[in-house]
Amino acid sequence: MLASVQSRGLAEGCSGVNDNERIIFLKRPGENSPPTASCFQHEPCHLPTRDDLETGQCIVRTLYLSADPAQRCRMNKVTGVDYLAPYEEGGLVDGLEGIGIVEVATIECTLQRGDIVTACAHLWPWTRVFIADGNDLVKVELPRGLSPKIILSGVGISGMTALLGIRKKAKIRKDRKETIIARLEGCSRVIGICGSEEKCRWITKTLGFDAAINYKNESVGDRLADLAPSGVDIYFDNVGGFVSDAVIQRMNADGRVVLCGQIAVYNTDLPYPPPLNPVVAEIITHRNISRERFLLLAHKDEMDAAVAQLSQWITEEKLKVNETVYMGLASAPQAFVDMMAGKNIGKMVIKVSEEPAN
């Protein structure tokens, strides 16, 4: 279970001398409203020193932060899930992932100065420099020649969720020609659904998808009828709403829906997962379509192997990664808002400070 920064050892240490910076949560946007950058505040705060450390602790400088849709749920008084606590107004913002470098460590700490670290199963504070317990961080061995931000994209939560979600819930039958976004795992036809022509070009020209649908100016159902006349076998569902309804109506008997996210309803007061359209619910029952939730944290024992596989594919150039990078901690609120509006291509990350020299 992910926990808040304050309760699990990643300490903000922000009071006093104004040589550091952080993002705090100012106000809730309302359950049925999109978030705005004004919901957050960028402010100076105390720069921790060795004198602030307790036994086993270290000082970490953030290199990159990840902006993720699940943070929208935390802006409500009730998140709708039991593994994420709501943000407190006036409190420090934390996110699902971050990558940093150890600047100072106590003798008893499990880490050393210069170690590149992330926080597995702990939230990462939106602070440039902070204090952490060494046991709450994981030392990272970067794939050769790659930036630390790859830990937040290709081999981070996003990459692991895609890989393990497919492996655990999609039940790909490699002896048949099945349609989904999972060519490396054995599917023969790949169709993507995006919100812009630029994204559609990227996934077809760069990533090698067989086809793409722009849901903002095309009928998803009609296009799927043309692109997948034999129907859809597996649907990796990150969005919900009318897009998911259209895909499910084109699914074959014994199809599989991997229920990973429902970003289309995160700005509403609907529960997670939201209730199904009655027509769609009837199709799922009549066609014996499975619709199973996937939660990465339920597969912690397989994360290391997933990271190794993703890293291998990236170094072999079998897996291509793109990131949209916003510069500076002060840009983090706008990066989050723009990510929720679909303005990023690939993973949305915030560069907080310079990477160490190789």
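Residues numbered from 1 in each chain as written. Predicted model: local features only at pLDDT ≥ 70, side-chain atom pairs only at ≥ 80, totals over all residues. Heavy atoms only, no water.

Draft legend 1. Structural detail: the overall build of the protein chain. Assigned secondary structure in the protein chain consists of 8 helices and 17 strands. In summary, the protein chain has a C-alpha radius of gyration of 21 Å against a globular reference of 21 Å for 358 residues, a match within 12%. C-alpha atoms of the protein chain, sized along the principal axes, occupy 65 × 45 × 35 Å. Every one of the 358 residues in the protein chain was classed for burial, and the buried ones make up 52%. At a minimum sequence separation of 6, the contacts of the protein chain that also span at least 24 residues come to 66%. Summing over all exposed atoms, the protein chain offers an accessible surface of approximately 16,400 Å²; the carbon and sulfur share of this is 49%. If the 40 positive side-chain charges of the protein chain are averaged to one point and the 45 negative ones to another, these points end up 6 Å apart. (Helix = DSSP H or I, 4+ residues; strand = E, 2+ residues; numbered from the N terminus. Rg over C-alpha atoms; globule rule 2.2 N^0.38 Å. Buried < 20%, exposed > 50% of the residue type's maximum accessible area, 1.4 Å probe, protein only. Contact = heavy atoms within 4.5 Å. Areas by Shrake-Rupley, 256 points an atom, 1.4 Å probe, with all protein chains shown as cover. Lys, Arg positive; Asp, Glu negative; His and termini not counted. Charge placed at Lys NZ, Arg CZ, Asp CG, Glu CD.)

Draft legend 2. Region of the structure containing the pairing of strand β12 (residues 211-214). Both faces of β12 are covered, namely the face carrying A211 and I213 and the face carrying A212 and N214. In the sheet, strand β11 (residues 191-194) pairs with β12 via 4 bridges, with the strands oriented parallel. In the strand pairing of β12, I193 is matched with I213. (Pairing = 2+ DSSP bridges.)

Draft legend 3. Main features of the nonpolar core. Within the largest apolar cluster, 41 residues are counted, with the highest numbers of intra-cluster contacts made by F40, C58, V60, W124, L137 and F336. Those elements that provide at least two residues to this core are β2 (20-25), β4 (57-66), β6 (98-105), β9 (129-133), α8 (332-340) and β17 (347-351). Excluding its chain neighbours within four sequence positions, the residues that come into contact with V60 are G100, I101, V117, W124, R128, V129, F130, A132 and L137. (Core = buried A, V, L, I, M, F, W, Y, C linked by side-chain atoms within 4.5 Å.)

Draft legend 4. Representation of helix α6 (residues 278-286). Considered for burial, the residues of α6 that qualify are V280, I283 and I284. Down the axis of α6, the buried set is contained in an arc of 100°. They therefore lie on one face. Set apart from the buried face of α6 by more than 90 degrees, the exposed residues are P278, V279, T285 and H286. Looking at the buried positions of α6, the neighbouring elements they touch are α5 (241-249) and β15 (290-293). N-capping of α6 is provided by N277, with a side-chain oxygen placed 2.8 Å from the backbone N of V279. The positive-phi residue at the C-terminal boundary of α6 is N288, with phi of around 55°. (Arc of directions from axis to C-beta. Polar contact = N/O pair within 3.5 Å; in protein donor to acceptor, adjacent residues only side chain to side chain.)

Draft legend 5. Focus on the packing of helix α4 (residues 220-227) against α5. Contact geometry for α4 and α5: axes closest at 9 Å, N-to-C directions at 35°. Crossing angle aside, the handedness with which α4 passes α5 is right-handed. Of the residues in α5, those touching α4 at V220, G221 and L224 are V243, A246 and V247. Of the residues assigned to the contact of α4 with α5, the class counts are 5 nonpolar, 1 polar and no charged. (Axes fitted to C-alpha atoms, helices over the stretch in contact; angles between N-to-C directions. Left-handed = near helix turned anticlockwise from the far one by under 90°. Nonpolar A, V, L, I, M, F, W, Y, C, P; charged D, E, K, R; others polar.)

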